[in-house]
Amino acid sequence: MKLIFLLLLIVFCFNSIGQTAKISGLITEESTKSPVIDAKVFLLKDNKIVKKTLSDVSGNYILNEVTFGKYDIQVIALGYDTLEIEINVKSASIKQNIILGENRELDEIKVIGNLVTGQNVPVAVTKIPLQKITEELASRDLPMLLNGTAGVYATQQGGGDGDARINVRGFDQRNVGVMIDGVPVNDMENGAVYWSNWFGLDVITSQMQVQRGLGATKIAMPSIGGTINIITQGIGNKKGGSFKQEYGTGNFLRSSFSYNTGMSQKGWGFTLSASYKQGDGWVYGTPSQGFFGYGKISKKIKDHLVTLSAFAAPQWHGQRSFNQAIQYFNADKARELGLPIDSTQQFLDMGIRFNQHWGYRTNENGEREVFNERRNFYSKPQITLKDFWKVNKKLAISNLAYISIGRGGGTAIYNSGSLLRDSQGLIDWDKIEQENKVNSLFGTPNIDPIYSPTEIKSSQVLLASINNHFWVGYLGQFNYEYSKKLEFSGGIDYRYYEGRHYQRIEDLLGGDYFVDKLDKNAASPMKRVGDKVAKNTFNADRDGNVQWAGYFGQMEYNGDKISTFVNISRILNGYQGIDYFQKRKLELGDTTLYLGYSEVGAEWVPDTVIYKGRTYTNNSPGLEYQRTAWKYIQGFTFKTGISFKFDENMSVYMNLGYLNRTPMFSNVIDNNTNKFFEEIVNEKILAIEQGFSYATKKFGLNFNTYVTNWKNKPFPYGVAVPDPQDPTEFIRININGMDAIHVGGEIDIAWNITKQLNLEAMFSCGDWFWNSTKTVFIPQYDNLEFSFDARGVSVGDAAQTATSFTLRYEPIKNLYFKVQAQYFDRYYANFDPFSLQGSNGGRQSWKMPGYSLINLFAGYKYPFKSFTLIGSGSITNLLNTIYISDASNNMNGNFDNFDAQSATVMFGGGFRFNVSLGIQF
């Protein structure tokens, strides 16, 4: 009997193990209860796909022959949130109906993302797929990835980590708009983008676009050259995570982690990412360290998607700040260009990785460590709260508020003489400390009894230029779908920004205090570590406040053959400066008193003024820091475009725009005097573009041409000219008459030659030149005038001819090799317009030699049961090509011949590698 029972038990167990079931159900839409057709249904076991199917025309799905056990069902459908639910299969037939909510995140991106969707759009756009970012970035700054994009030129400048810059169609990054999740990130004072503040962004990017020209951005942006739109991951992305470890040139190490939950059945979604990096730098003396953290919480509440996200990337890195003569870095390159070699120079043939800003310093433990004079440190956390409301099938409303609090700056030495260096040309920090402590002539301590009978007075100190900011903004938008072909959108945009700028003592370099007599509001000229100090009047201690208020509207028509859009925006830009450096003022009705501290003999005493029988001091009530009134300037934008689709493969388009742009803060208020410039006018830009597009499943081609006429293009911060009352000093004047014309053409090609082999290519050619002659009058100096003639002089700072070819080969599934060839030419040095006077009027800047680069990329994915192992590697500048990446005209001492000898340069990066190993789960 026992034997029979045991046999029955064994049979029952085997039968249970092999037993299978059928899972079926109906997939419907949450709001209308209608069936969802062609939804992808995956049955997952340990995150691996076991079975898959599609829902039919009635929304039904069936998964047959499912072995008993616990699984996850994942449902993906275009326009809906990805849904994942757990299921325990323990009976022969299971009914599992599924309700999908509309993808609020996709709808939200459509409203706030300013992305171009579809092919029949009248703008020039390059979409950067996530695969390209993953395979080619190799821990470089994000702009360097875009160097293979038509119309784009990027360099690493001095070579410090995060110091890259980007130009689009010859316009620098102050004129290229950058948006992250719909939030503009260009600096409110000068329009710049500091890429070191956005380390780690690649880990969370889900979509990226480069729109060239005025683009399809709805809100008013300073995007003359183009707009870079970046969308981060969220609940619309697949559930899962990743970890990656990287190692590269200069002992570069980076660890990155990311996890996304997707959307839960209760409408919650989380995205978490973190990254850490450190390295010695490719350029000597440019070590870096950075942290990155990102979190996004999303909750779907009926027709609302509420999202709270936070981003922070505190970092520090050494820099190389100044261009130098060609022979300074590489004497062979100078000889190749036919230049004479001056062997008497202290710095000669130092190597392209040489950096004059660093040396070794003995620390408290007696250890020698790298110490950089130029050290950038910054943290710019940003918090964003969004509410996206899908009111009905036609109307969607987005409300977005954000806050950004930036803290940090950069260091530089302030000295009364030249820097002491060792035999290798490096800064001798130990000797500088010794010179600060002991008078080298007399061998006695550097004690000044006027200030202190016992403490050491430093003559050389390390200062930090602090550039803090507080930035809040609100962006409200709506999108109304009048019909399947016609949409209207609009909104309001408000930003308030406070920029806080001052200099402080970072290191006394062996001394106890430093004497600063320029700060007229300080109680004592003796300054210590952390105290504010002024090495000159520029950015000594001031605030730059900016307000921005605007509204915009857009109409889009997307027909079967014709698509068109019209966009209008209007803004009001406000500017105010506050000076904490000059003496404070006291308004007394019929007069104004300026009170602070003054040097009387050897003492630093408070000001005292007797006016109409009353005594006023620097403590009198009513004293205020010197501040300007708010100055408001209006601007507006008009853009329109039309495209015509010949068939499914071929279309043409044309767009034009007019931008009346308000000037940057630095061209409204002089940072030296905290006064408004004499001549403040808006910039006026007229742009016309036309293009042709052809695309099939295997081949795509885009060709476009453009003309941009930029009037009143200013030089940031004005231009320094000799003061006629004191030729040894300089004054700054605004140059508003600089007109430029940018003409060019661009070709993009993508060709899937076979299933394993594909080609990407681009070619861009521009003719960018200045088109102005100008006489500047300075009324406060009896109409003193300065003249220049820049007509026909080529615009510098970017290569006007560029081409790139990228060939990707995948011999077997998940294994790829990629080779990229790039060529840049017709690249002119930057110049000062006042060098184009008299016989030099219209004289061309020095044209740098063209150069080519070869880059290699490779990688392999190996899937395991519950995760995928990913390995990749890259080599940039495979041939270690020596090339000049940046140049300034006539900046080499007394040379002003508009040639290679007169220019100062930076060399681009040499051979660099990066390898990584990661997992996806």
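Residues numbered from 1 in each chain as written. Predicted model: local features only at pLDDT ≥ 70, side-chain atom pairs only at ≥ 80, totals over all residues. Heavy atoms only, no water.

This brings us to the overall build of the chain. Broken down by element type, the chain carries eight helices and 60 strands. C-alpha atoms of the chain, sized along the principal axes, occupy 115 × 70 × 70 Å. For the chain, buried positions account for 53% of its 921 residues. In the chain, 66% of the contacts between residues at least 6 apart in sequence involve partners at least 24 apart. Total accessible area computed for the chain in this model is approximately 40,800 Å², and 56% of it derives from carbon and sulfur atoms. Here the chain contributes 92 positively and 89 negatively charged side chains, and the mean placements of these two sets differ by 9 Å. (Helix = DSSP H or I, 4+ residues; strand = E, 2+ residues; numbered from the N terminus. Buried < 20%, exposed > 50% of the residue type's maximum accessible area, 1.4 Å probe, protein only. Contact = heavy atoms within 4.5 Å. Areas by Shrake-Rupley, 256 points an atom, 1.4 Å probe, with all protein chains shown as cover. Lys, Arg positive; Asp, Glu negative; His and termini not counted. Charge placed at Lys NZ, Arg CZ, Asp CG, Glu CD.)

Grouped together as the largest cluster of nonpolar side chains are 51 residues, with contacts concentrated most on Ile-326, Trp-770, Trp-846 and Val-905. Elements supplying a minimum of two residues to this core: helix H6 (326-329), strand S50 (757-770), strand S52 (784-789), strand S53 (799-809), strand S54 (815-828), strand S56 (851-863), strand S58 (884-888) and strand S59 (904-907). Once residues lying within four places of it in the same chain are set aside, the contact partners of Val-905 are Asn-323, Gln-324, Ile-326, Phe-329, Trp-846, Ile-884, Asp-886 and Ala-887. In this structure, Leu-137, Ile-180, Val-185 and Trp-198 belong to the second largest nonpolar core, which totals 31 residues. (Core = buried A, V, L, I, M, F, W, Y, C linked by side-chain atoms within 4.5 Å.)

Moving on, we get to the environment of Met-762. Following the sequence through the fold, Met-762 ends up in strand S50. A residue is classified by how much of its surface remains accessible, and Met-762, at 3% relative accessible area, is buried. Measuring from C-alpha to C-alpha, the distance between Met-762 and Phe-703 comes to 9.7 Å, with 59 residues separating the pair along the chain. Apart from residues lying up to four places away in sequence, Met-762 is in contact with Asn-147, Gly-148, Thr-149, Ala-150, Ile-747, Asp-748, Ala-802, Thr-803 and Ser-804.

This part covers the sheet that holds strand S2 (residues 40-45). With antiparallel pairing, the four strands of this open sheet are ordered in space as S3-S2-S5-S6. Where the open sheet ends on each side, the last strands, each with one partner, are strand S3 (48-54) and strand S6 (83-89). Across this sheet, the average inter-strand angle for adjacent strands is 25°, counted without regard to direction. The pairing of strand S5 (residues 69-76) with S6 spans seven bridges and is classified as antiparallel. Bridge assignment links Ile-73 to a residue of S6, and that residue is Ile-85. (Pairing = 2+ DSSP bridges. Axes fitted to C-alpha atoms, helices over the stretch in contact; angles between N-to-C directions.)

Here the focus is the pattern of salt bridges. For the coordinates displayed, the defined rule picks out 38 salt bridges. Between Glu-760 and Lys-132 there is a salt bridge, and its shortest N-O distance comes to 3.9 Å. Pair noted here: Glu-760 is in strand S50 and Lys-132 is in helix H3 (residues 130-136), with a separation of 628 residues, a long-range link. You can call Glu-760 partly exposed: its relative accessible area is 35%. A relative accessible area of 10% means that Lys-132 is categorised as buried. Several salt bridges converge on common partners, so that one network encompasses Lys-132, Glu-135, Glu-136, Glu-760, Arg-808, Glu-810 and Lys-818. (Salt bridge = Lys/Arg side-chain N within 4 Å of Asp/Glu carboxyl O.)

Glancing now at the confidence of the model for the chain. Detailed reading of the predicted model is not advised wherever pLDDT is low. Per-residue confidence for the chain averages 88 on the pLDDT scale, and 91% of its residues sit at or above 70. Confidence drops under pLDDT 50 across residues 1-17; counting only partners more than four residues distant or on other chains, this segment forms two contacts. (pLDDT = per-residue confidence, 0-100.)

Summed over all chains, the structure comprises 13 cavities of 30 Å³ or more. The computed volume of the largest cavity comes to approximately 650 Å³. Along its surface, the largest cavity is lined by 40 residues, and Arg-140, Met-144, Gln-156, Thr-876 and Arg-912 are the ones closest to its centre. Among the elements of the structure, strand S10 (152-155), S54, S56, strand S57 (868-876) and strand S60 (912-920) are those that each provide at least two residues to the lining of the largest cavity. Along the lines of polarity and charge, the residues of the lining of the largest cavity split into twelve nonpolar, 24 polar and four charged. (1 Å grid on protein atoms, 1.4 Å probe; cavity = no way out; pocket = protein on both sides within 12 Å on 5 of 7 lines; lining within 4 Å. Points joined across faces, edges and corners; volume = space filled by probe spheres on them. Nonpolar A, V, L, I, M, F, W, Y, C, P; charged D, E, K, R; others polar.)

Once that is clear, we can look at the environment of Ser-309. You can see Ser-309 is positioned in strand S20 (residues 304-312). What makes Ser-309 buried here is its relative accessible area of 9%. For the pair Ser-309 and Phe-270, spaced 39 residues apart in the sequence, the C-alpha separation amounts to 9.7 Å. In this structure, Ser-309 is in contact with Tyr-294, Gly-295, Lys-296, Gln-382, Ile-383 and Thr-384, ignoring residues within four places of it in sequence.

On to unusual backbone geometry, then. Positive phi outside glycine occurs at Gln-157, with the angle close to 50°. As for its placement among the helices and strands, Gln-157 is situated in the loop between S10 and strand S11 (165-168). Phi at Asn-674 is positive, roughly 55°, even though this residue is not glycine. Here Asn-674 shows up in the loop between strand S43 (669-670) and strand S44 (675-676).

Turning next to the packing of aromatic side chains. Under the defined criterion, the tally for this structure stands at 35 aromatic pairs. For the ring pair Phe-171 and Trp-710, a centre distance of 5.3 Å and an interplane angle of 45° mean the geometry is tilted. Pair noted here: Phe-171 is in the loop between S11 and strand S12 (176-180) and Trp-710 is in strand S46 (residues 699-711), with a separation of 539 residues, a long-range link. In this structure, Phe-171 and Trp-710 share a single accessibility class: buried. The ring of Tyr-502 carries Lys-532 above its face, with NZ or CZ at 4.8 Å from the centroid. A cation sits over an aromatic face here: Lys-631 above Phe-676, 5.6 Å from the ring centre. (Phe/Tyr/Trp six-rings, centres within 6.5 Å; stacked < 30°, edge-to-face > 60°. Lys NZ or Arg CZ within 6 Å of the ring centre and 35° of its normal.)

A word on the sheet that holds strand S13 (residues 183-184). Spatially, the five strands line up as an open sheet ordered S9-S14-S15-S12-S13, and their pairing is mixed. Strands at the two margins of the open sheet, each flanked by one partner only, are strand S9 (124-127) and S13. As defined by bridge partners, S12 adjoins strand S15 (residues 226-232) across five bridges and the pair is classed as parallel. Within S15, the position partnered with Val-176 by the bridge is Gly-226.

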